[in-house]
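# Breakdown of the fold
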Amino acid sequence: MGFNCGIVGLPNVGKSTIFNAITSAGAQASNYPFTTIDPNIGVVDLPDVRLSNLEDIYKPKKVIPTTMEFVDIAGLVKGAAKGEGLGNKFLANIREVDAIAHVVRCFEDTNVIHVAGRIDPISDIGLIETELMLADCDAIEKRLFKAEKLAKTGDKKISDEIEFMKILNNVLNHGKPFRRMTFSEQEVSWLKQYNLLSAKPVLYVANVDENMINISNQCVDAVKKIAAEEGAKVVIISGKVEGEIAQLPQAERKEYLSEIGLFESGLERMIRAGYELLDLITYFTVGEKEVHAWTITKGTKAPQAAGNIHTDFEKGFIRAEVFHYDDLMRLGTELSVKAAGLLRSEGKEYVVKDGDIILFRFNV
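Residue positions are given per chain, counted from 1 along the sequence in the order it is written. With pLDDT at 70 or above as the cut-off, local features in this predicted model cover only qualifying residues; side-chain atom pairs require 80 or more to be listed or tallied, and sums for whole chains, interfaces and linings still use all residues. For side-chain calculations, the full set of non-hydrogen atoms in the structure is used, while hydrogens and water are omitted.

### Some thoughts on the pattern of salt bridges
What counts, and what does not: Here a salt bridge means any side-chain nitrogen of Lys or Arg lying within 4 Å of a carboxyl oxygen belonging to Asp or Glu. Put simply, DSSP H or I for four residues or longer makes a helix, DSSP E for two residues or longer makes a strand, and each gets a number counted from the N terminus. Note on exposure labels: buried denotes an accessible area under 20% of the residue type's maximum, exposed denotes more than 50%, and partly exposed covers the range between, all computed with a 1.4 Å probe on protein chains only.
The tally for this structure, following the rule as stated, stands at 21 salt bridges. The closest approach of N and O atoms between Lys225 and Glu229, which form a salt bridge, is 3.1 Å. In this pair, Lys225 and Glu229 both sit in helix α7 (residues 218-230), four residues apart, roughly one turn of the helix. Its relative accessible area of 55% is what places Lys225 among the exposed residues. Judged by relative accessible area, which is 52%, Glu229 ranks as exposed. Between Glu321 and Arg361 there is a salt bridge, with the nearest N and O atoms lying 3.1 Å from each other. Of this pair, Glu321 sits in strand β10 (residues 317-324) while Arg361 sits in strand β12 (residues 356-362), and the two are 40 residues apart along the sequence. Overall, Glu321 belongs to the buried group, its relative accessible area being 17%. One network of salt bridges, with partners in common, ties together Glu129, Arg179, Arg180 and Glu230.

If you want it as structure tokens, here you go:
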């Protein structure tokens, strides 16, 4: 799995339409709030031209791309943190994802009712953000209550964590999501246990009219301004266009994109932004049997990358034989890469790079 991304937003902003287009999973999309009640899940292959080029060289029996899981979560409404609109259930679904793709409505359509009766990205983003922070407030208060009870029994180890939770509470009360903060290593460890909603990285998806993809407008500019303040990314996408692309044969998609002034689909742009958001990279294993793409976090060392394939690879790791995709493309064959002295033997401390092609040696 590449990564797991929850698609969130208010009702009728185009979440399910975008989800349907990029996953072809057929989620129900209607002009009503709460059409999506249970989260729809779609797994898509990550498009990567490097796989096609490796296939041309190795002629494998199969090619296995890495994948991305999209989770279409029902539209949140004001009061979700207190259970409005089945809010508690929906917020629980968000807790399970690695990142949030926040779809913001930036299109006018009198046939699709906005829950607030107007198009206002700033208000929409603020409402979702508030609900996530309110849910976090509730979660921290419950943890704090339990921790303070433990402290009374003489458990001194928990005192530092109690102070940290009090700081978090104070931050939320000032309306600041946790993803905008920096934390120490110990604090990051605690945060992972809490699984807080406002600590999850966010990608903003501005859903625009089909004729506005390459044109700036006030709504998109408002989303970009908010994103810039927190160092987040914005992907501009048209749910309608993505739906049309999804219906085309693969061979015709590039031509269609070119006609409307795009080089790649919204799906491809979302994946690239998502990868950057979560510091993910891809390495490859190759051979006549298969060419396989694998996703890991940037900074992963060779044994842990091997463990991504199979736990035995990590346990019995001896070394990694590594060369780079770019060198292979430049020289044409693996033999030429070896002849140029560009195939290296790396040990346990080697940090895997994006585009590395690796053969792991291990003891069973």
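### Observations regarding helix α5 (residues 159-173)
The test is simple: Each residue after the first adds 1.5 Å to the expected span of a helix. Residue contacts are defined here by distance: any two heavy atoms, one from each residue, within 4.5 Å place the two residues in contact.
Taking 1.5 Å of rise per residue, the 15 residues of α5 would be expected to cover 21 Å, and the 21 Å separating its terminal C-alpha atoms lies within 8% of that figure. Along α5, the residues that are buried comprise Glu161, Ile162, Phe164, Met165, Leu168, Asn169, Val171 and Leu172. Structurally, α5 contributes buried residues whose contacts are with α4 (121-152) and α6 (185-194).

### Quick word on the confidence of the model for the protein chain
Detailed reading of the predicted model is not advised wherever pLDDT is low. This is how it is decided: Along the chain, pLDDT gives the predictor's confidence residue by residue, from 0 to 100.
Confidence in the prediction of the protein chain, expressed as mean pLDDT, is 84, and 88% of residues score 70 or more. Here helix α3 (residues 87-95) stands out as the element of the protein chain with the lowest mean pLDDT, 67, in contrast to helix α13 (residues 325-331), whose mean of 98 is the highest. Under a pLDDT of 50 for its full length, residues 25-37 has, in the predicted model, 36 contacts with residues more than four places off or in other chains. Within the model, the stretch residues 83-87 combines pLDDT values under 50 with nine contacts to residues more than four positions away or in other chains.

### Considering the packing of α4 against α7
Put simply, the rule reads: The axes used here are C-alpha line fits, helices contributing only the stretch in contact, and every angle between their N-to-C directions lies in the interval 0 to 180 degrees. Every angle not falling under 35 degrees, over 145, or within 65 to 115 is termed oblique; those three ranges are roughly parallel, roughly antiparallel and roughly perpendicular. Residues are grouped as follows: Ala, Val, Leu, Ile, Met, Phe, Trp, Tyr, Cys and Pro are nonpolar; Asp, Glu, Lys and Arg are charged; all remaining types, including Gly, are polar.
Packing of α4 against α7 leaves a shortest axis separation of 8 Å and a crossing angle of 40°. What the angle tells us is that α4 and α7 run oblique. Across from Pro121, Ile122, Ile125 and Glu129 in α4, the residues of α7 making contact are Cys219, Ala222, Val223, Ile226 and Glu230. Across the contact of α4 with α7, the residue classes tally to seven nonpolar, no polar and two charged.

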